[in-house]
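# Structural overview
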Amino acid sequence: MGYFSIFETQDLCPNGFIFEPLEKLTLIMEQKIHQGRNVKRFREMLNIKQEALAYDLGEEWNQKKISMLEQKDVIEDNLLKQISAVLKIPVEAFQNFDEEQAINIISNTFGDNACVGNPNSTFNFNPIEELKRLHEEKIVLFERMLKEKDEMMVRLEKLIGK
């Protein structure tokens, strides 16, 4: 069997530690990432309804199918790629995000007296440049909204039968 680890019961060592084969330790430590739950978390963080995601994924999708997808432990790679493109989130985020680990990192990083950032720090930025950047982002967003409106109009015209 080779290597041993301190876990559950099989053989008791003289110093009181309980040993188990390393293979079982690997299985115990290997946490399963629930990809469907991750899709739901990211969708909710982006404030996107299930109906909207279904619409963006195509005609064969509906709210109920999205709900069932979000309950799946593992999602097919090609479907994850589609969802990734719609939500603009890397596929790896759905495959690797573990909320429990994130909470552990946060709770172990920040103690009772923790302060995020330096309270005495100074910020060097040009407010006019920031305004220009925000204005440019606003223009890009507005253009994207217009494009989406035009696409929606085309879809509606097809549905109406013009």
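What counts and how
- Residues numbered from 1 in each chain as written.
- Predicted model: local features only at pLDDT ≥ 70, side-chain atom pairs only at ≥ 80, totals over all residues.
- Heavy atoms only, no water.
- Helix = DSSP H or I, 4+ residues; strand = E, 2+ residues; numbered from the N terminus.
- 1 Å grid on protein atoms, 1.4 Å probe; cavity = no way out; pocket = protein on both sides within 12 Å on 5 of 7 lines; lining within 4 Å.
- Points joined across faces, edges and corners; volume = space filled by probe spheres on them.
- Nonpolar A, V, L, I, M, F, W, Y, C, P; charged D, E, K, R; others polar.
- Buried < 20%, exposed > 50% of the residue type's maximum accessible area, 1.4 Å probe, protein only.
- Polar contact = N/O pair within 3.5 Å; in protein donor to acceptor, adjacent residues only side chain to side chain.
- Contact = heavy atoms within 4.5 Å.
- Core = buried A, V, L, I, M, F, W, Y, C linked by side-chain atoms within 4.5 Å.
- Patch = residues over 30% accessible without salt bridge, like charges linked within 9 Å, V, L, I, M, F, W, Y side chains within 5 Å.
- Areas by Shrake-Rupley, 256 points an atom, 1.4 Å probe, with all protein chains shown as cover.
- Salt bridge = Lys/Arg side-chain N within 4 Å of Asp/Glu carboxyl O.
- Axes fitted to C-alpha atoms, helices over the stretch in contact; angles between N-to-C directions.
- Parallel < 35°, antiparallel > 145°, perpendicular 65-115°, else oblique.
- Left-handed = near helix turned anticlockwise from the far one by under 90°.

### Some points on unusual backbone geometry
Working note: non-glycine residues mostly have negative phi, and peptide bonds are mostly trans. For Asn-47, which is not glycine, the phi torsion reads 60° and is therefore positive. Of note, Asn-47 is situated in the loop between α2 (35-45) and α3 (50-57).

### A few points about the layout of surface pockets
When its volume is computed, the largest pocket comes out at roughly 830 Å³. Together, 22 residues line the largest pocket, and Tyr-55, Asp-56, Glu-148, Glu-151 and Arg-155 are the ones closest to its centre. Where the lining of the largest pocket is concerned, the elements lending two or more residues are α3, α5 (77-87) and α8 (127-160). Broken down by element, the lining of the largest pocket gets its largest block of residues, nine residues, from α8. Residue classes in the lining of the largest pocket are distributed as 12 nonpolar, one polar and nine charged.

### Examining the side chain of Gln-50
With respect to the element layout, Gln-50 can be found in helix α3. Its relative accessible area of 15% is what places Gln-50 among the buried residues. Within the local environment of Gln-50, its side chain forms a polar contact with the side chain of Gln-63, the two groups lying 2.4 Å apart. Among the polar contacts listed, one links the side chain of Gln-50 to the side chain of Glu-70, at a separation of 2.9 Å. With residues up to four places along the chain from it excluded, the contact list for Gln-50 reads Arg-43, Gln-63, Ile-66, Ser-67 and Glu-70.

### A few points about the nonpolar core
Most often, soluble globular proteins keep nonpolar side chains buried together rather than apart. Val-39, Trp-61, Ile-83 and Phe-94 are the most contacted members of the largest nonpolar core, which has 17 residues in total. Secondary-structure elements contributing two or more residues to this core are α2, α3, α4 (63-69), α5 and α6 (91-96). The leading source of residues in this core is α5, at four residues. Excluding its chain neighbours within four sequence positions, the residues that come into contact with Trp-61 are Ala-54, Ile-66, Leu-69 and Leu-79.

### Regarding a nonpolar patch on the surface
Together, Tyr-55, Met-152, Met-153, Leu-156, Leu-159 and Ile-160 line one region of the surface with nonpolar side chains, adding up to about 640 Å² of accessible area. In terms of residue count, the dominant contributor to the nonpolar patch is α8 (five residues). Within the secondary structure, Met-152 sits in helix α8. Taking the relative accessible area as the measure of exposure, Met-152 reaches 40% and is therefore partly exposed.

### Examining the packing of α3 against α5
For any two helices packed against each other, the geometry comes down to the angle between their axes and how far apart the axes lie. In the contact formed by α3 and α5, the axes pass within 10 Å of each other and the chain directions differ by 110°. With respect to α5, the element α3 is oriented roughly perpendicular. Taken as a pair, α3 and α5 cross one another with a handedness that is right-handed. Where α3 approaches α5, its residues Leu-53, Asp-56 and Leu-57 are matched on the opposing element by Gln-82, Ile-83, Val-86 and Leu-87.

### Some points on the pattern of salt bridges
Per the counting criterion, the structure on display carries eight salt bridges. Notably, a salt bridge pairs Glu-137 with Arg-133, separated by 2.3 Å at the nearest N-O pair. With Glu-137 and Arg-133 both in helix α8 and four residues apart, the pair spans about one turn of that helix. With its nearest N and O atoms 3.3 Å apart, the salt bridge here joins Lys-149 to Asp-150. On the basis of relative accessible area, Lys-149 is assigned to the partly exposed category, the value being 43%. The exposure class assigned to Asp-150 is partly exposed, which follows from its relative accessible area of 43%. Within the structure, one salt-bridge network assembled from shared partners comprises Arg-43, Glu-44 and Glu-70.

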